[in-house]
Amino acid sequence: MKQLRIGMIGYKFMGKAHSNAYRSLPMFFPKALKPEMAVLCGRNAADLQEAAARLGWSDTVTDWRELVGRDDIDLIDINAPSDAHKEIALAAAKAGKHIFCEKPLALTLADSREMLEAAEKAGVMHMVGFNYRFSPAVRLAKRLVESGRLGQIYHFRAWFLQDWILDPEFPLVWRLQKEIAGSGSHGDLGAHLIDLAHFLVGDIQEVIGMSETFIKERPLAAEMTGLSAKASAGAPKGPVTVDDATLFLARFANGAIGSFEATRFAAGHRSTNSFEINGSLGSVKFDFERMNELEVYLTSDEEDVQGFRRVLATDPAHDYAEAWWPPGHTIGFEHTFIHEFLELASAAAEGRQPMPNFHDGVKCQAVLEAVERSVQERRWVELSEM
């Protein structure tokens with residue numbers, strides 16, 4: 001491809017992150033295929049015009065169907081709520097548009113498989129938004145696993161802890177409604193942990209889980225933006241229909257075992273997205289709140305200096321670091337999206353599928369639903385059942 005003309009649906013939390021990435025990519029990765037921020041789509045015309053001017057989009061439409069049908073668009077970027085993903089993606093594939101879709105890919109495994117099938121049949125490029133893969137420290141962890149420097153992998157444990165709905169009077173936003181979001185902390189936060197497990201360790205073979213919804217009703221939201229919302233005084237309440245917290249155990253196909261915890265009720269944790277990997281020759285620990293660091297322990301160190309060392313993943317030896325700042329000058333959350341869209345642009349230029357793509361989205365959705373089945377049936381569930 002010689003150009004990548006983007007039509008994006010959604011302009012709030014993820015839309016802002018995506019827009020920043022599209023704008024920043026050519027500055028820091030000048031050899032990459034330059035994305036053209038062509039058309040922004042949203043339902044509220046006044047808010048849409050303001051967002052387009054602020055974020056840097058050339059044109060706007062209020063109907064995503066019109067956007068998908070335009071001849072001057074190469075790729076549809078979907079960061080609308082989860083219940084809209086399938087319909088938009090199917091229409092985009094039918095129109096021959098490449099697709100970027102935020103996670104989780106769909107509300108159900110069946111829907112995600114239908115999206116994959118449609119994209120593959122249409123021969124279009126497809127990518128799913130697992131941005132945490134693109135942190136340099138996470139890439140270093142993968143390199144240590146793949147190179148064998150950690151030896152045989154025994155354990156993967158991961159936890160994604162937040163506290164933004166701890167207040168029982170926090171409004172009933174769309175992320176707390178199953179018909180829109182699909183699931184709560186499990187699909188929103190746990191999906192990232194599952195993808196990191198697949199990326200770093202390998203396929204999951206079986207799972208057993210538990211979940212809980214601590215606050216059953218919340219005030220109806222009068223307005224919402226990203227992860228914030230307001231409710232009118234004395235607003236009526238509606239039911240919370242998703243999980244507040246989900247925990248599960250897993251066995252990997254390669255013999256490793258894992259534990260996963262996702263919650264929005266961990267007081268003091270704003271966004272603690274962490275994992276630890278233990279192998280026969282060493283271990284690594286990562287926490288996204290300190291995303292530039294990877295803690296590394298190697299059994300080959302001399303006994304008198306053994307222990308976890310802090311590796312600052314900002315040197316030229318680390319992925320993407322050469323595009324940014326001098327060693328020790330750190331990067332942030334927004335940079336993971338820039339790296340993500342670098343992969344998208346590189347795949348478009350090279351005529352290949354980007355990674356992660358809808359195959360990875362389907363694989364993640366299968367684990368999400370296997371855990372849900374396990375919670376319902378109170379038993380181990382094999383992924384082969386899905």
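The rules behind these values
- Residues numbered from 1 in each chain as written.
- Predicted model: local features only at pLDDT ≥ 70, side-chain atom pairs only at ≥ 80, totals over all residues.
- Heavy atoms only, no water.
- UniProt positions renumbered as here; feature names shortened; annotations may be inferred.
- Helix = DSSP H or I, 4+ residues; strand = E, 2+ residues; numbered from the N terminus.
- Phe/Tyr/Trp six-rings, centres within 6.5 Å; stacked < 30°, edge-to-face > 60°.
- Buried < 20%, exposed > 50% of the residue type's maximum accessible area, 1.4 Å probe, protein only.
- Pairing = 2+ DSSP bridges.
- Axes fitted to C-alpha atoms, helices over the stretch in contact; angles between N-to-C directions.
- Contact = heavy atoms within 4.5 Å.
- Core = buried A, V, L, I, M, F, W, Y, C linked by side-chain atoms within 4.5 Å.

A. Representation of the UniProt feature "domain: Gfo/Idh/MocA-like oxidoreductase N-terminal" (unreviewed entry) in the protein chain in the model. The positions UniProt marks with the feature "domain: Gfo/Idh/MocA-like oxidoreductase N-terminal" (unreviewed entry) are residues 4-130. Taken end to end, residues 4-130 has its terminal C-alpha atoms 20 Å apart, with 45% of it in helix and 23% in strand.

B. Representation of the packing of aromatic side chains in the model. All chains considered together, the criterion is met by 22 aromatic pairs. Between Phe-29 and Trp-324 the ring centres are 6.0 Å apart and the planes differ by 80°, which places this aromatic pair in the edge-to-face class. Separated by 295 residues along the polypeptide, Phe-29 in the loop between helix H1 (13-28) and strand E2 (35-41) and Trp-324 in the loop between strand E18 (309-312) and helix H9 (333-350) bring together distant segments of the chain. Take Phe-29 and Trp-324: they sit in the same class, and that class is buried. Plain terms: the ring middles of Trp-164 and Phe-170 are 5.5 Å apart, the flat faces sit at 85° to each other, and that makes the pair edge-to-face.

C. Summary view of the sheet that holds strand E6 (residues 126-129). One open sheet holds the six strands; their spatial order is E3-E2-E1-E4-E5-E6, and the pairing between them is parallel. The open sheet terminates on both sides in strands that have one partner only, identified here as strand E3 (59-61) and E6. Here the average twist between neighbouring strands, direction ignored, is 25°. Its contacts with the sheet place H1 against strand E1 (4-9), E2, strand E4 (75-78) and strand E5 (98-102), and it is angled at close to 160° to E2.

D. Focus on the environment of Leu-48. Along the chain, Leu-48 falls in helix H2 (residues 45-55). On the basis of relative accessible area, Leu-48 is assigned to the buried category, the value being 0%. The spacing of Leu-48 and Ala-181 is 133 residues in sequence and 22 Å in space, taken between C-alpha atoms. If we ignore the near neighbours within four places in the chain, the residues touching Leu-48 are Tyr-11, Leu-40, Cys-41, Gly-42, Thr-60, Val-61 and Thr-62.

E. Structural view of the nonpolar core. Of all hydrophobic cores here, the largest spans 116 residues; its most connected members are Phe-29, Phe-156, Leu-200, Val-207, Phe-260, Phe-275 and Ile-277. When near neighbours in sequence (up to four residues on either side) are disregarded, Val-207 contacts Phe-248, Leu-249, Ala-250, Val-367, Ala-370, Val-371, Ser-374, Arg-379, Trp-380, Val-381 and Leu-383. Formed by 11 residues, the second largest nonpolar core is a distinct cluster that contains Phe-170, Ile-215, Val-242 and Phe-265.

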